[in-house]
Amino acid sequence: MNWEQLLSLKRFGDSHKRIRKEQDETRLGFEVDYDRIIFSSEFRSLQDKTQVIPLSQTDFVHTRLTHSLEVSVVGRSLGRRVGQEILAKYPHLQSIHGYQTNDFGAIVAAAALAHDIGNPPFGHSGEKAIGEFFKNGNGKRFKEYLTDKEYQDLCDFEGNANGFKILTESRKGRLGGLRLSYATLGAFMKYPKESLPKKPTTSIADKKYGFFQSEKEAFADVAQELGLINRGNPQDLSYSRHPLAFLVEAADDICYTIIDFEDGINLGLIEEEFALEYLIKLVKNTINSKNYHALSNTEDRVSYLRALAISTLINEAVELFMAHEEDILNGNFDKALLDLSKYQAQINDIIKISVEKVYQSQEVVDKEIAGYKIIDGILDVFTDTISNYHHGTLSNYHKLILKIFPKTLDLDQENLYDSLLGICNYVAKFSDSKAILTHKKLKGTHF
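Residues numbered from 1 in each chain as written. Predicted model: local features only at pLDDT ≥ 70, side-chain atom pairs only at ≥ 80, totals over all residues. Heavy atoms only, no water.

## Observations regarding helix α7 (residues 124-135)
Okay, so step 1: Compared with the 16 Å implied by 1.5 Å per residue over 12 residues, the 16 Å span of α7 between its first and last C-alpha is a close match.
Okay, so step 2: Along α7, the residues that are buried comprise Ser125, Gly126, Glu127, Ala129, Ile130, Gly131, Phe133 and Phe134.
Okay, so step 3: Against the buried residues of α7 lie α8 (148-155), α9 (159-168), α18 (362-391) and α20 (416-428). (Helix = DSSP H or I, 4+ residues; strand = E, 2+ residues; numbered from the N terminus. Expected span 1.5 Å × (residues − 1). Buried < 20%, exposed > 50% of the residue type's maximum accessible area, 1.4 Å probe, protein only. Contact = heavy atoms within 4.5 Å.)

See below:
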């Protein structure tokens with residue numbers, strides 16, 4: 001892979017190459033990506049979607065929206081720092097093509113901003129609930145009408161693939177979705193493969209999958225434009241990661257490791273003295289003891305240590321990226337950057353405590369149980385409606401259900417898979433509150 005191709009400004013539908021030196025510096029193409037994402041309705045719905053603590057009434061806790069904004073800030077810093085190093089190593093990118101340090105930051109920031117845009121309500125349990133409906137629930141009846149890969153898309157419903165669908169899906173009057181630059185789309189794709197074969201290697205890029213069968217053609221177009229390395233065969237599409245996807249992943253890893261831990265402390269789920277000890281281990285080389293001991297409350301102490309921890313991990317992620325940059329470009333790097341961190345022991349300790357005290361807390365478990373039943377109930381009614389619509393056997397109840405579907409949902413798909421995936425995409429866009437309200441309406445308990 002080469003950086004000039006990887007930094008493509010091309011957008012869906014372009015017939016001519018976009019030249020970096022011809023860009024308006026006051027409104028750079030990569031920065032337009034950020035704007036388009038942040039003004040999208042799908043991004044706005046993240047303000048009422050669970051990060052870790054579902055439906056929390058406290059100001060402390062992060063939603064998917066605040067998490068995404070924070071990941072984008074960390075991603076921007078990572079991108080700029082790496083961009084500075086890349087331009088020093090390959091000066092022709094700047095002297096001949098006009099690329100700047102901030103271009104890298106803008107690409108990573110935009111991709112990081114969108115990294116959770118496809119996630120359903122109720123956190124990762126929402127993904128599992130959709131998959132469970134098709135794997136073991138009433139959705140299993142559709143298996144005989146689908147190809148293996150189509151059925152696997154539904155059984156392992158993946159927020160990353162749904163995000164790529166949201167960013168690229170054409171509909172009437174909006175061809176190419178948000179029409180982001182291909183560089184940003186490439187950085188967004190952490191798992192550039194189909195749902196099958198499932199985890200064919202131990203590479204981090206094969207951990208999950210990154211696009212549905214409905215977006216296979218769009219994905220291949222982006223991968224080929226960027227010059228990603230083809231790792232698969234004509235039957236099983238699989239590519240190496242865009243190098244900047246490693247930075248998007250690192251930004252996410254840094255934020256959820258440190259900030260979910262911070263939420264746990266501020267909510268009282270993790271004891272302060274116990275927790276701060278773990279953070280101090282991570283930042284012991286940069287902490288100013290005098291400044292730290294001058295802080296009088298938990299929130300300020302945690303905030304100070306959080307800032308130092310994020311800065312420490314950003315510095316290391318940049319060093320690791322540049323140390324392995326050639327392997328990354330050759331498609332030979334198969335780990336997450338933080339998997340090689342010298343602070344791996346401290347990171348693992350923090351994550352372990354978060355799992356025990358936060359992710360598995362009673363409040364989280366209770367809401368995840370409710371989330372399963374809510375999503376299952378919604379999908380049961382919606383997919384039954386779609387099935388009867390396709391077979392021309394709509395009841396009066398199903399006809400009423402059709403009226404609540406948005407006009408953007410195309411019900412006249414020839415392929416049942418596209419209709420089912422369209423329903424899943426529609427439900428995945430729900431905020432937590434809208435999912436709860438919709439479920440109550442379907443049960444007849446809300447008027």
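## As for the state of the cysteines
Okay, so step 1: The full count for this structure, using the stated rule, is zero disulfides.
Okay, so step 2: Here Cys424 is not cross-linked by a disulfide; its sulfur's nearest cysteine counterpart is in Cys155, at 10 Å.
Okay, so step 3: By relative accessible area, Cys424 is classed as buried at 0%. (Disulfide = S-S within 2.5 Å.)

## Structural notes on the packing of aromatic side chains
Okay, so step 1: With the rule as written, the count across this model stands at 13 aromatic pairs.
Okay, so step 2: With 5.7 Å between their ring centres and 65 degrees between their planes, Trp3 and Phe104 make a pair best called edge-to-face. You can see Trp3 sitting in helix α1 (residues 3-6) and its partner Phe104 sitting in helix α6 (residues 101-113), a full 101 residues away along the chain. Pair check on accessibility: Trp3 and Phe104 agree, each one buried.
Okay, so step 3: Measuring from centroid to centroid gives 4.9 Å for Tyr426 and Phe430, while their planes differ by 80 degrees, and the two rings are edge-to-face.
Okay, so step 4: By relative accessible area, Phe430 is classed as buried at 2%.
Okay, so step 5: Grouped by ring-pair contacts, the aromatic residues Phe164, Phe211, Phe219 and Tyr239 constitute a single cluster.
Okay, so step 6: Positioned over the ring face of Tyr191 is Arg241, at 5.7 Å from the centre of the ring.
Okay, so step 7: Here the guanidinium or amino end of Lys281 rests over the ring plane of Tyr278, the centre of that ring lying 5.0 Å away. (Phe/Tyr/Trp six-rings, centres within 6.5 Å; stacked < 30°, edge-to-face > 60°. Lys NZ or Arg CZ within 6 Å of the ring centre and 35° of its normal.)

## A short note on the side chain of Asn388
Okay, so step 1: Its place among the elements puts Asn388 in helix α18.
Okay, so step 2: Of note is the side chain of Asn388, whose polar atom sits 2.7 Å from the backbone oxygen of Asp384.
Okay, so step 3: Apart from the residues within four sequence positions on either side, Asn388 is in contact with Thr393, Leu394 and His398. (Polar contact = N/O pair within 3.5 Å; in protein donor to acceptor, adjacent residues only side chain to side chain.)

## Digging into unusual backbone geometry
Okay, so step 1: Geometrically, the link from Leu196 to Pro197 is a cis peptide bond, its omega value of 0 degrees lying close to zero.
Okay, so step 2: By the element assignment, Pro197 lies in the loop between α10 (182-188) and α11 (216-226).
Okay, so step 3: Positive phi values are uncommon outside glycine, yet Phe122 reaches one of about 70 degrees.
Okay, so step 4: By relative accessible area, Phe122 is classed as buried at 4%.
Okay, so step 5: Even without a glycine there, the phi angle at Arg179 is positive, about 50 degrees.
Okay, so step 6: Looking at the secondary structure, you find Arg179 in the loop between α9 and α10.
Okay, so step 7: Residue Arg179 is classed as partly exposed on the basis of its relative accessible area of 24%.

## Details of the layout of surface pockets
Okay, so step 1: Its volume calculated, the second largest pocket comes out at about 910 Å³.
Okay, so step 2: Taken together, 33 residues make up the lining of the second largest pocket; nearest its centre are Lys165, Glu169, Ser170, Arg171 and Asn425.
Okay, so step 3: Put simply, the parts of the chain that give the lining of the second largest pocket at least two residues each are α3 (41-44), α9, α10, α11 and α20.
Okay, so step 4: Residue contributions to the lining of the second largest pocket peak at five residues, all from α20.
Okay, so step 5: Partitioning the lining of the second largest pocket into residue classes produces 10 nonpolar, 11 polar and 12 charged. (1 Å grid on protein atoms, 1.4 Å probe; cavity = no way out; pocket = protein on both sides within 12 Å on 5 of 7 lines; lining within 4 Å. Points joined across faces, edges and corners; volume = space filled by probe spheres on them. Nonpolar A, V, L, I, M, F, W, Y, C, P; charged D, E, K, R; others polar.)

## Notes on the side chain of Gln213
Okay, so step 1: Its place among the elements puts Gln213 in the loop between α10 and α11.
Okay, so step 2: At 2.8 Å, the side chain of Gln213 forms a polar contact with the side chain of Glu194.
Okay, so step 3: Ignoring anything within four residues of it in the chain, the contact list for Gln213 reads Lys149, Glu150, Asp153, Glu194 and Tyr417.

## Focus on the packing of α18 against helix α21 (residues 432-443)
Okay, so step 1: At a minimum axis distance of 9 Å, the contact between α18 and α21 shows a crossing angle of 55 degrees. Relative to α21, the element α18 lies oblique. As for how α18 packs across α21, the hand of that crossing is left-handed. Contact residues: Lys373, Ile374, Gly377, Ile378, Val381 and Phe382 in α18; Ala435, Ile436, Thr438, His439 and Leu442 in α21.
Okay, so step 2: Of the residues assigned to the contact of α18 with α21, the class counts are seven nonpolar, three polar and one charged. (Axes fitted to C-alpha atoms, helices over the stretch in contact; angles between N-to-C directions. Parallel < 35°, antiparallel > 145°, perpendicular 65-115°, else oblique. Left-handed = near helix turned anticlockwise from the far one by under 90°.)

## Re the nonpolar core
Okay, so step 1: Within the largest apolar cluster, 93 residues are counted, with the highest numbers of intra-cluster contacts made by Trp3, Ile37, Leu78, Leu244, Phe261 and Phe321.
Okay, so step 2: Per-element accounting of this core gives the leading share, 13 residues, to helix α15 (residues 298-323).
Okay, so step 3: Those residues in contact with Ile37 that lie beyond four places of it in its chain are Phe43, Ala110, Leu113, Ala114, Ile117, Leu178 and Leu180.
Okay, so step 4: Core analysis: the second largest hydrophobic core is formed by 38 residues, Phe122, Tyr209, Ala435 and Leu442 among them. (Core = buried A, V, L, I, M, F, W, Y, C linked by side-chain atoms within 4.5 Å.)

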